Amino acid sequence: MAKMTFNDGKPETPDCLTVPFITGDGVGAEIMPVCRSVTDAAVAKAYGGLRRIEWLEVLAGERAFRQTGKWLPDDTVDVFREYLVGLKGPLTTPVGGGIRSLNVALRQALDLYVCLRPVRWFRGVASPVKEPQKVDMTVFRENTEDIYAGIEWERGTPEAARFLRFLRDEMGVASIRFPESSSFGVKPVSEEGSKRLVRAAIDYALRKRLPSVTIVHKGNIMKFTEGGFRRWGYEVAEEEFGDATFTMQQYSEIRRERGGEEAELALAAAKRSGRVVVKDVMADAFLQNTLLVPEEYSVVATLNLNGDYISDQLAAMVGGIGIAPGGNINCLTGHAIFEATHGTAPDIAGKDAANPSSLLLSAFMLLEHVGWNEAASLITRAMESCFVRGLATADLARFMTDGSPLTTSGFQRELVETINNF
């Protein structure tokens, strides 16, 4: 079994790469075999059999609980830690105690601080917006702080009462409207966590030669958490990336000192020279702007809760969560788990009706992460070829012009045949 290594931000990938995977619950049992088959076909086609993936199954979720009595066995985390990369189907989160979320547990155990959500439109896919081709963004959502820290106390518990006394007696807080019936949550946002997230976003924009990074926040209300995220993001851009970026804070300074015309000239010069423009926008305004002027945004850096809303709205604009991939990444160590972003869909599990596109696009991301870009592009080319011909699972095909709904396994056969015919 051969592992990828990660040195100075670059992967070193053996020709036979071991990739751990979690099948997942519900429809995971149907979409994971499709994903593996299509990925294997793409790798074989791209490299003529000189490279391949050796798949290594590990357990989590309901299958793990039935076999081991644990929802997330320690061995599973250890395997992901050793092999750096992995693929994961949708998981059921246990109800009534234990792990808050298996997905969150994996992210925290491996410090996967970037939730990477690229969003683009595929020709042939129906969209609720007039010009979906203008939506082409990559969301860097902070993955370990904010609401994902999970610091909460329920109304009526001794812990909530103790926290309330602390707020009143120690901190002098008198603005809680209904204190005795309130639950409480704490939203930690650190300088270190904010800076490493924005740093990763800017580095990505520079590597991909993308025009801008937009810091999305609600700093007008949450001045020290969301506002801190904004401030620390600008500090990273100006102090660590120098002439590679041009920030809207610099624009404002030029405007104040030398006038609006000079500021516009400086911004135009920065764009011409290929510098990444770093700007910020309030979260509510951003959600509106993505519908009105999506072409103004390329890379987005934001905190966890904002990123949750943003990535789902953007996915809806290009056809839905069924074709929205996701990756959870530590950009320093190279650890990364790529996953289907939807749920287990128990209502259609076992019916050969599930859409594997989210997981397939996550496999595309995995291949790019390990440096196998040629194989990655074959997956998206094959998917778009099928969509243009109206070939997709029923959830997408029903909205297509002359759509032909396929079963999960039927879609797999079309994709593999398309890749082999390239």
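If you're wondering where the values come from, they're calculated on a predicted model, not measured in any experiment. (Residues numbered from 1 in each chain as written. Predicted model: local features only at pLDDT ≥ 70, side-chain atom pairs only at ≥ 80, totals over all residues. Heavy atoms only, no water.)

Draft legend 1. Here's a closer look at the overall build of the protein. The helix and strand tally for the protein stands at 15 helices and 17 strands. A globule of 422 residues ought to have a C-alpha radius of gyration of about 22 Å, and the protein, at 23 Å, matches this closely. For the protein, the C-alpha atoms occupy an extent of roughly 60 × 60 × 45 Å along the three principal directions. With 422 residues in all, the protein has 50% of them scored as buried. Sequence-distant contacts in the protein: of pairs separated by 6 or more residues, those separated by 24 or more amount to 72%. Total accessible area computed for the protein in this model is approximately 19500 Å², and 50% of it derives from carbon and sulfur atoms. Here the protein holds 47 positive side-chain charges and 55 negative ones, and the gap between their average locations is 2 Å. (Helix = DSSP H or I, 4+ residues; strand = E, 2+ residues; numbered from the N terminus. Rg over C-alpha atoms; globule rule 2.2 N^0.38 Å. Buried < 20%, exposed > 50% of the residue type's maximum accessible area, 1.4 Å probe, protein only. Contact = heavy atoms within 4.5 Å. Areas by Shrake-Rupley, 256 points an atom, 1.4 Å probe, with all protein chains shown as cover. Lys, Arg positive; Asp, Glu negative; His and termini not counted. Charge placed at Lys NZ, Arg CZ, Asp CG, Glu CD.)

Draft legend 2. Spotlight on a negative patch on the surface. The grouping of Glu238, Glu239, Glu253 and Glu257 at the surface amounts to a negative patch. The set of elements that each furnish at least two residues to the negative patch consists of helix H7 (226-240) and helix H8 (248-258). Turning to its location among the elements, Glu239 is positioned in helix H7. The class for Glu239 is exposed, based on a relative accessible area of 61%. (Patch = residues over 30% accessible without salt bridge, like charges linked within 9 Å, V, L, I, M, F, W, Y side chains within 5 Å. Salt bridge = Lys/Arg side-chain N within 4 Å of Asp/Glu carboxyl O.)

Draft legend 3. Structural view of the nonpolar core. In terms of nonpolar packing, the biggest core is built from 81 residues, with Leu87, Phe140, Val213 and Phe387 touching the most fellow members. The element contributing the most residues to this core is helix H1 (residues 28-47), with nine residues. In contact with Val213, other than residues within four places in its own chain, are Ala201, Ile202, Ala205, Val276, Val277, Val278, Lys279, Val299 and Ala301. (Core = buried A, V, L, I, M, F, W, Y, C linked by side-chain atoms within 4.5 Å.)

Draft legend 4. Structural detail: the pairing of strand E7 (residues 136-142). Burial runs high along E7: six of the seven residues are buried. For strand E6 (residues 114-120) and E7, the ladder comprises seven bridges, and the chain directions are antiparallel. Paired with Arg117 across the bridge in E7 is Val139. Where E7 and strand E13 (residues 299-302) come together, four bridges link them in parallel fashion. By the bridge assignment for E13, Thr138 is matched with Val299. (Pairing = 2+ DSSP bridges.)

Draft legend 5. Representation of the layout of surface pockets. Volume-wise, the largest pocket comes out at about 1200 Å³. Around the largest pocket, the lining comprises 43 residues; the ones closest to its centre are Leu116, Tyr204, Arg207, Lys208 and Glu368. Those elements giving two or more residues to the lining of the largest pocket turn out to be strand E2 (10-12), E6, E7, helix H6 (191-208), strand E14 (325-329), helix H12 (357-369) and helix H13 (373-388). Among the elements that take part in the lining of the largest pocket, H6 stands out by supplying seven residues, more than any other. Per-class residue counts for the lining of the largest pocket are 25 nonpolar, eight polar and ten charged. Within this model, the second largest pocket holds a volume of roughly 410 Å³. Around the second largest pocket, the lining is made up of 21 residues, and of these Ile321, Gly322, Asn355, Asp395 and Leu396 lie nearest the centre. (1 Å grid on protein atoms, 1.4 Å probe; cavity = no way out; pocket = protein on both sides within 12 Å on 5 of 7 lines; lining within 4 Å. Points joined across faces, edges and corners; volume = space filled by probe spheres on them. Nonpolar A, V, L, I, M, F, W, Y, C, P; charged D, E, K, R; others polar.)

Draft legend 6. Broad picture of the packing of aromatic side chains. Following the criterion strictly, the structure yields ten aromatic pairs and no others. Ring geometry for Phe21 and Trp55: centres 6.1 Å apart, planes at 85°, overall edge-to-face. Of this pair, Phe21 sits in strand E3 (residues 16-22) while Trp55 sits in strand E4 (residues 52-57), and the two are 34 residues apart along the sequence. We classify Phe21 as buried; its relative accessible area is 3%. On the basis of relative accessibility, which here comes to 16%, the residue Trp55 falls in the buried class. Of the aromatic side chains, those joined through ring pairs into one cluster are Trp153, Phe163, Phe166 and Phe184. We note Arg120 situated over the ring of Phe122; from NZ or CZ to the ring centre the distance is 3.9 Å. Residue placement shows Arg381 over the ring face of Phe422; its charged tip is 4.0 Å from the ring centre. (Phe/Tyr/Trp six-rings, centres within 6.5 Å; stacked < 30°, edge-to-face > 60°. Lys NZ or Arg CZ within 6 Å of the ring centre and 35° of its normal.)

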